[in-house]
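# Chain and residue survey
Okay, here's what each chain looks like letter by letter:
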Amino acid sequence: MVSPAAMLVHFPLIVLSFVALSLASPLRHINHSNHKFSRSCNSAVQPVLALNSSAGPSSSMTPTSSFSATTTTTSQAPTGTSSPSVSSKYVIAHFMIGNSYPYTVDNWLADIFLAHSSGIDGFALNVGVDAWQPSQVANAYQAALQSGTGFKLFMSFDMTSLPCTTASDAATLRTYITTYATHPNQLLYNGRVMASSFSGETCTFGQGSVASGWSTQFVQQLTGSSAVHFVPSFFVDPSQFNTYSGVIDGMFNWNSGWPIQVTTSFASSIPGLLGDIASGLSSAVSSLLSNLIGSTTPDETYISSLAAMGGGRTYMAAVSPWFFTHYGPSTYNKNWIYLSDDHLYATRWESLIKIRDQVDFVQVISWNDFGESHYIGPIEGDQPMSQAWVDGNDHTGWLNLTSYYASAFKTGTYPTPTKDQLVMWSRPHPASASASNDPVGKPTNYQITSDKVWAVVLATSPATVVLSTSSSQSQTFNVPAGVSKLAVSIQPGGTMHGTLTRGGQTVIDLQATNFTFEANPTTYNFNVHVVASP
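Residues numbered from 1 in each chain as written. Predicted model: local features only at pLDDT ≥ 70, side-chain atom pairs only at ≥ 80, totals over all residues. Heavy atoms only, no water.

The chain is annotated in an unreviewed UniProt entry as Glycoside hydrolase family 71 protein of Suillus placidus.

On to the nonpolar core, then. F123, L125, F157 and W214 are the most contacted members of the largest nonpolar core, which has 133 residues in total. A total of eight residues in this core trace back to one element, the largest contributor, which is helix α10 (residues 398-411). For L125, the contacting residues outside a window of four places in its chain are F95, I97, W108, V137, A140, Y141, L153, F154, M155 and S156. In terms of nonpolar packing, the next biggest core, distinct from the first, is built from 22 residues, A459, L467, L486 and V531 among them. (Core = buried A, V, L, I, M, F, W, Y, C linked by side-chain atoms within 4.5 Å. Buried < 20%, exposed > 50% of the residue type's maximum accessible area, 1.4 Å probe, protein only. Helix = DSSP H or I, 4+ residues; strand = E, 2+ residues; numbered from the N terminus. Contact = heavy atoms within 4.5 Å.)

Quick look at α10 now. End to end, α10 covers 20 Å across 14 residues, agreeing with the expected 20 Å (1.5 Å per residue, within 8%). Most of α10 sits inside the fold, with ten of its 14 residues counted as buried. A positive phi of about 85 degrees marks G412, the residue just after α10. (Expected span 1.5 Å × (residues − 1).)

Let us look at empty space enclosed by the protein. Considering all chains together, one arrives at four cavities of 30 Å³ or more under this definition. Taken as a whole, the second largest cavity spans an internal volume of roughly 50 Å³. Lining the second largest cavity, in full, are W322, F323, F324, I337, Y338, L339, S340, D341, R427, I448, T449 and F526. (1 Å grid on protein atoms, 1.4 Å probe; cavity = no way out; pocket = protein on both sides within 12 Å on 5 of 7 lines; lining within 4 Å. Points joined across faces, edges and corners; volume = space filled by probe spheres on them.)

Another point: the pattern of salt bridges. Summed over all chains, the structure comprises seven salt bridges. Residues K410 and D121 are paired through a salt bridge, measuring 3.0 Å at the closest nitrogen-oxygen approach. One end of the pair, K410, is in helix α10; the other, D121, is in the loop between α1 (105-117) and β6 (122-127), and 289 residues separate them in sequence. No difference in accessibility class separates K410 from D121, as the two residues are buried. Across the salt bridge formed by D420 and R502, the nearest N and O atoms sit 2.8 Å from each other. With D420 in the loop between α10 and β16 (421-426) and R502 in strand β21 (residues 497-502), the pair connects residues that are 82 residues apart, well separated along the chain. (Salt bridge = Lys/Arg side-chain N within 4 Å of Asp/Glu carboxyl O.)

Okay, here's the thing in structure tokens:
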């Protein structure tokens, strides 16, 4: 089925300034009708110069002059984890309604069952301006009820798509709230209807200010059972949160999912390491950048600013496994990567678990945002012209990690693995490769990513793991019980193969199929192929 023609909406120009310590992020994913962007309003984040001190598993490597390996490990109960407690903490996944045009209730049911079994408590339903989207929202609520899982849903208004210049524009938002306020699967928080947004910091709804618009046309008009607990993602400086004291009950820190300040210019400008990195990252630069992966500095800024407002404001953090988008000027004109190396997904989760006492929600970005390559759900529905870098690159293996870390976040205790699991991922070609037929060109910041196979092991007891990229290139790791993060370099012609053995018995033998690290790609693709053991 072909989706309706995209409806374009006006959006402000965003000027990119690739300086060393700050970045105004470029345009975010655009589905059929939604022009989306992210903005960094946080203060500059300085690179952390001290390397991680945690010990990793022992390893040995098949000799080869150009093959390198790295490894880090986190034990079952890493130091810094907050005290175990059962609390009202939620793990939510961002769901793009705009990519669900052909969905049936059965499609929704399948996604809900899969998400629920992976430790996800609900979906934040990103809705835009398309006339067909309300019917898919209805299907989602119907499926959630039919699933019998208690799976929760709430609205995430995409204010880069939805109009918000007149008072009547707010009626659309209020209708979504009042329609589902008493639905059994609507998420209630502090007794109120949970709601969020993507952007909205310029919406006035015909009033004299943004704060007045949201307050008088949205929050104040929702009373009784429709009273709202509003936790938007406004891209404003956290020091300005108090401007919205009559509007927000908390804030969603969208940009905290990636170290967005890391650009090619940033990497080139690290003190003492100035120079051209176009030929590839040096090991020193790579080590320094890895320390920014999963940093909680953006979280701490939001948390302190919300605390200054008083009233026990809600903090929602973001976690995301990857970021690559590749649209040319003739479409959406967004072509860049964010640094997602060094096991971003696992490391970011671990960082949030350490500060879980200050984090109420973790929102996974995303379930199905294919255009930005950070989907963890199955490839289905209606893609936003992203097939060239999405098709064939399954990401559902990351759900294995989601289940593990979601449990730790919600309970305060890392679960003991009851089944050995291995998850591996890699990009399909070298970062420095030249595509033979790609008018879009290399993505901005392509130089900051390393040519690696990344792997995470969940082991029930000590075991031996071997990661191979060819018959002559392999690395052996002795891993402890718990979670281990491993990595090996990959060369053109390489593939992904991992085994886990214990007591002379092969427990896992995982081989990537239909994957080869190509020396000479036709088009640029900085998405990853993810494989996981059953």
